[in-house]
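Read off the chains here:
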Amino acid sequence: MTTQDTKVEKEAAKLSRRDFLGLLGKGAACAGAVAGAGAALASAGGANKLGGVGPTYQQEDAQYAEARKNPPKIPNYNWTEHKWAFGVDTNRCIGCLRCVEACKMENSVQMDRNHTRTWVERYTYLEGSDHAHVDSIHDIKNVMPGSKETRFVFDNRYKDAKVTKSFFVPKLCNQCEKPSCVQVCPTGATYKTPDGPVLIDSKYCIGCQYCVQACPYGARSLNHERGTAEKCNWCYHRITKGLNPACVEVCPTGTRIFGDRTDPESPISQFIRNNRVNVLKPDMGNMPNVFYAGIDKEVL
Amino acid sequence: MSADVFHHIAPFVGFTYPNETEVPWSELIVIYPYITGLVAGAFVVSSLHHVFGMERFAPISRFALLASLCFMFFAPTPLLFHLGQPTRALNAVITPHWTSAMAAFGYVAGFYVCLLLLEVWFSFRADIVAMSKSRTGIMQKVYKALTLGSDDVSKSALAVDHKIARRLAMIGIPGACGLHGYVGFLFGSLKTREWWSSDLMPIIFLLSAVGSGVGLLIVLYVVTSWWRKKPTDNGVMEGLLYVLWTGIVVVVVIEALEMVQMIYKAREGVEGVFELIAGPIHLGMIIQWGGSFLALAITSIMMLAGTRGRALVFWLFISGLLMMVGVLAMRWNVVIGGQELSKTMRGLLTYHPEVIGRESLMVVATLFTAPFVTLYLAQKLLPTVWEHDAKAHH
């Protein structure tokens, strides 16, 4: 949630019960619209290039070309005035994978299970085992049946096993303070912005994939249609307009938290202040900017 | 363009990150350090004569230099085929991002091509001048152009040529070491991959490069002599045996040290390394270590028995070939193997190369054939590379 969202929440708290019920109705209508959009996506255009249903990308080639030619201007945004950060409260995640699908639609990511900007890992301890079994969306069993690798759902493989502990861990680019990907990029096509996210100039990237090798978190991949590297940028086009990243927006449980660290009252500042947070692979020295609450020793 | 052109979706066991299921660096990145290594090895042999004055290598030193140049021409080509945007390749040279190890590649490779071109020119200038006078027709014009207008073949001018060629070769030795140590650094400096992240990587790459390059020269020398129906020079063969033996010994020891160190340190995830060796790269490991040990055994026996003549030619040829194959397998084990062990250290991928396509075995075979064809044409253009043939019977 951004600062604006917090203000909206405070306003909402003042509303009367009647107004509140009215809002709930609107919320339900919005949820219906989202579901409808998903259905429309699933039925649009028949079989795609990747063998799935619907278009390979939400964005058409012509739209992409236009966006490249006339990039949107961002009025009143000064990237030195913000310091974005991301929180993941793994205690809340239910593994619904709406974040993965929202990201793919919002950012025109390849729809197959082998290319993703964000994903969710499932850690499961079976009785008598010290180590967790881990799986994620690239496991063919977690592809929604009939969707041909465009939609995902965690399968029910442990239904007959004795599970002692299980939890989900959403992953995404850590937008590190010392990003290995930026260090190794031979052209400078990928760079660290002053407000935090690591971006890619896809007009300048040569597609050598050194960054893909260098990322300790497996957050990068190659976009085959464009021949350039691909990564999560916390929906930079949204956050610079005061919106939340798409994955944060759709998360039904509040697992994903986003905000500006320069604002002590922002959701992320509060999250970091009120929880004992950790980062992934701190020994790599990358200083990630995604903070996790409730992760286990097995989380990689 | 088909969406499948670049797809290398690898099957996996255990847990890997989803994006890892596509192996980023293919067999083209296996052949790139391999070709670069052959350049470095051939150059070292040429320098043994040019710089250190080891006369026994005189019959092949200029051939080794020419081979070095022909292979260097093609060293960057696998990278071009691999890039997602090959037309932007020069971005890395025009606006290099200096924190990247890869940014220096264009400069390092460019420098080395220039150095080799200059050394070849100074080494063959007198011959080019002679041919520009003896040949007729279009070839005369070609040789005339190649003299670059410098047709002075007086004794003092030749002495200057010789002096410059020697100095270039002297620069070339640290250059060759730097070029190949640098390739090792590209891999060794990546902290994300346990199989690559070793301080010994540049040294291993450099030494194995010398081993494979000497192997290549042995193979080339034996095959071209047989092709031209000329005897091989005993002194050269003995010298190459000594160099190859030394190369194999050092490579095997350093590589073994690296493995032992990794296993002994037993950092988190070392079980993954064991599974990698026993799993996806086990065949590669058998070829690498089998080839190296067999070559070591054969050359050691020949050193002890003082083998000479036809037996030396045959078994040295076999050893050279084994070393070339062993180092090629080592490149595969490093480049592909490193990516087959997941960054989670808890999963393994199995890479299956494509046979036909832009990133495929066919392209690799074509790119690896090209330097041999170029070398054939180069020795046609500069036939004096074989001027020592007549003296081979001493």
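Before reading further, recall that the structure is shown in the block above.
Residues numbered from 1 in each chain as written. Chains lettered and ligands numbered in written order. Predicted model: local features only at pLDDT ≥ 70, side-chain atom pairs only at ≥ 80, totals over all residues. Heavy atoms only, no water.

Draft legend 1. Structural detail: the overall build of chain A. For chain A, the count of helices and strands is nine helices and eleven strands. Of all 300 residues assigned to chain A, the portion counted as buried reaches 52%. For chain A, long-range pairs separated by at least 24 residues make up 63% of all intrachain contacts whose partners lie at least 6 apart in sequence. Here chain A displays about 13,900 Å² of accessible surface, and carbon together with sulfur accounts for 56% of that area. (Helix = DSSP H or I, 4+ residues; strand = E, 2+ residues; numbered from the N terminus. Buried < 20%, exposed > 50% of the residue type's maximum accessible area, 1.4 Å probe, protein only. Contact = heavy atoms within 4.5 Å. Areas by Shrake-Rupley, 256 points an atom, 1.4 Å probe, with all protein chains shown as cover.)

Draft legend 2. The nonpolar core, seen in detail. In terms of nonpolar packing, the biggest core is built from 132 residues, with A:Tyr210, B:Met72, B:Tyr112, B:Phe187, B:Trp195, B:Leu240 and B:Leu316 touching the most fellow members. The greatest single-element share of this core, amounting to 14 residues, is contributed by helix H1 (residues 28–50) of chain B. Residue contacts for B:Trp195: discarding those within four places in its chain leaves B:Met201, B:Met259, B:Met262, B:Val273, B:Leu276, B:Ile277, B:Ile281, B:Met285, B:Asn333, B:Val334, B:Gly337 and B:Gly338. Core analysis: the next-biggest nonpolar cluster, separate from the first, contains 42 residues, A:Val134, A:Tyr217, A:Cys232 and A:Tyr292 among them. (Core = buried A, V, L, I, M, F, W, Y, C linked by side-chain atoms within 4.5 Å.)

Draft legend 3. Quick peek at the sheet that holds strand S4 (residues 163–171) of chain A. Residues and elements named next belong to chain A. Spatial ordering of the open sheet is given by S3-S2-S4, a layout of three strands whose pairing is antiparallel. Two strands bound the open sheet, and with one partner strand each, they are strand S3 (133–135) and S4. Neighbour-to-neighbour, the strand axes of this sheet turn through a mean angle of 20 degrees, independent of strand direction. Across three bridges, strand S2 (residues 119–126) lies against S3 in antiparallel orientation. Bridged to Thr-124 within S3 is His-133. (Pairing = 2+ DSSP bridges. Axes fitted to C-alpha atoms, helices over the stretch in contact; angles between N-to-C directions.)

Draft legend 4. Spatial organisation of a nonpolar patch on the surface. Residues and elements named next belong to chain B. A contiguous nonpolar surface patch, about 710 Å² in accessible area, is contributed by Val-223, Trp-226, Trp-227, Val-373, Tyr-376 and Leu-377. Of all the secondary structure elements, the ones that give two or more residues to the nonpolar patch are helix H8 (201–227) and helix H13 (361–381). Locating Val-223 in the fold gives a position in helix H8. Since its relative accessible area comes to 35%, Val-223 is described here as partly exposed. (Patch = residues over 30% accessible without salt bridge, like charges linked within 9 Å, V, L, I, M, F, W, Y side chains within 5 Å. Salt bridge = Lys/Arg side-chain N within 4 Å of Asp/Glu carboxyl O.)

Draft legend 5. Spotlight on the pairing of strand S1 (residues 84–89) of chain A. Residue and element names in this part refer to chain A. Within S1, six of the six residues are buried, which leaves the element mostly enclosed by the surrounding structure. Burial along S1 is two-sided: the face carrying Trp-84, Phe-86 and Val-88 and the face carrying Ala-85, Gly-87 and Asp-89 are both buried. Pairing of S1 with strand S9 (residues 256–260), which is carried by five bridges, proceeds in the antiparallel orientation. In the sheet register, Trp-84 faces S9, and the bridge partner there is Asp-260.

Draft legend 6. Seen up close, the state of the cysteines. Residues and elements named next belong to chain A. On inspection of all chains with the given rule, the structure shows zero disulfides over all chains. In this model Cys-173 remains outside any disulfide bridge; the closest cysteine sulfur is found in Cys-232, 5.5 Å from its own. On the accessibility criterion, Cys-173 (8% relative accessible area) is buried. Unpaired in this structure, Cys-185 has its nearest cysteine sulfur neighbour in Cys-208, at a distance of 6.5 Å. Overall, the relative accessible area of 8% leaves Cys-185 in the buried class. (Disulfide = S-S within 2.5 Å.)

Draft legend 7. Inspection of the pattern of salt bridges at higher detail. Residues and elements named next belong to chain A. For the coordinates displayed, the defined rule picks out 25 salt bridges over all chains. For Asp-135, the salt bridge identified is with Arg-157, shortest N-O distance 3.1 Å. Residue Asp-135 is found in strand S3, and its partner Arg-157 is found in the loop between S3 and S4; the two are separated by 22 residues along the sequence. For Asp-135, a relative accessible area of 3% translates into the label buried. With a relative accessible area of 28%, Arg-157 lands in the partly exposed category. For the salt bridge of Asp-296 with Lys-165, the shortest nitrogen-to-oxygen distance reads 2.7 Å.

Draft legend 8. Region of the structure containing unusual backbone geometry. All names here are of chain A. Phi is positive for Cys-235, close to 50 degrees, though the residue is something other than glycine. Among the secondary structure elements, Cys-235 is positioned in the loop between strand S8 (228–230) and helix H7 (236–239). Residue Cys-235 is classed as buried on the basis of its relative accessible area, which comes to 6%.

Draft legend 9. Structural detail: the sheet that holds S1(A). Residues and elements named next belong to chain A. The four strands are arranged S9-S1-S11-S10 in an open sheet whose pairing can be described as mixed. A strand with exactly one partner marks an edge of an open sheet, and here the two such strands are S9 and strand S10 (277–278). Pairing analysis gives two bridges linking S10 to strand S11 (residues 290–293), with the strands arranged antiparallel. Within S11, the position partnered with Val-277 by the bridge is Ala-293. The strands that helix H9 (residues 267–274) touches are S1, S9, S10 and S11; relative to S9, the one it contacts most, it runs at about 115 degrees.

Draft legend 10. Up close: the packing of aromatic side chains. All names here are of chain A. A full pass over the atoms with the stated rule returns 25 aromatic pairs over all chains. Each ring, one from Phe-154 and one from Phe-168, has its centre 5.1 Å from the other, and the planes form 40 degrees; the classification is tilted. In this pair, Phe-154 sits in the loop between S3 and S4 while Phe-168 sits in strand S4, placing the two residues 14 residues apart along the sequence. Both residues of the pair, Phe-154 and Phe-168, count as buried. (Phe/Tyr/Trp six-rings, centres within 6.5 Å; stacked < 30°, edge-to-face > 60°.)

Draft legend 11. Here's a closer look at H1(B). Here H1(B) is 23 residues long and its end C-alpha atoms lie 33 Å apart, about the 33 Å a rise of 1.5 Å per residue gives. Taken across its 23 residues, H1(B) has 22 buried, putting it largely inside the fold. (Expected span 1.5 Å × (residues − 1).)

Draft legend 12. Up close: a negative patch on the surface. A grouping of A:Asp283, B:Glu268, B:Glu271 and B:Glu275 is seen on the molecular surface, where their side chains present a negatively charged patch. Note that B:Glu268 resides in the loop between helix H9 (234–265) and helix H10 (270–278). (Lys, Arg positive; Asp, Glu negative; His and termini not counted. Charge placed at Lys NZ, Arg CZ, Asp CG, Glu CD.)

Draft legend 13. Structural context of the interface of chain A and chain B. Listed per partner, the contact involves 54 residues of chain A and 42 residues of chain B. Taking both sides of the interface into account, the surface hidden between chain A and chain B amounts to around 4,100 Å²; carbon and sulfur atoms contribute 54%. A salt bridge links A:Glu298 to B:Arg346, with the nearest nitrogen and oxygen atoms 2.9 Å apart. Summed over the shared surface of chain A and chain B, the result is 36 residue pairs in polar contact (both at pLDDT 80 or more). Contributing elements (two or more residues each) for the side of chain A that touches chain B: S2, S3, helix H5 (180–184), helix H6 (210–214) and strand S7 (221–223) of chain A. (Buried area = accessible area lost by both parts, 1.4 Å probe. Polar contact = N/O pair within 3.5 Å; in protein donor to acceptor, adjacent residues only side chain to side chain.)

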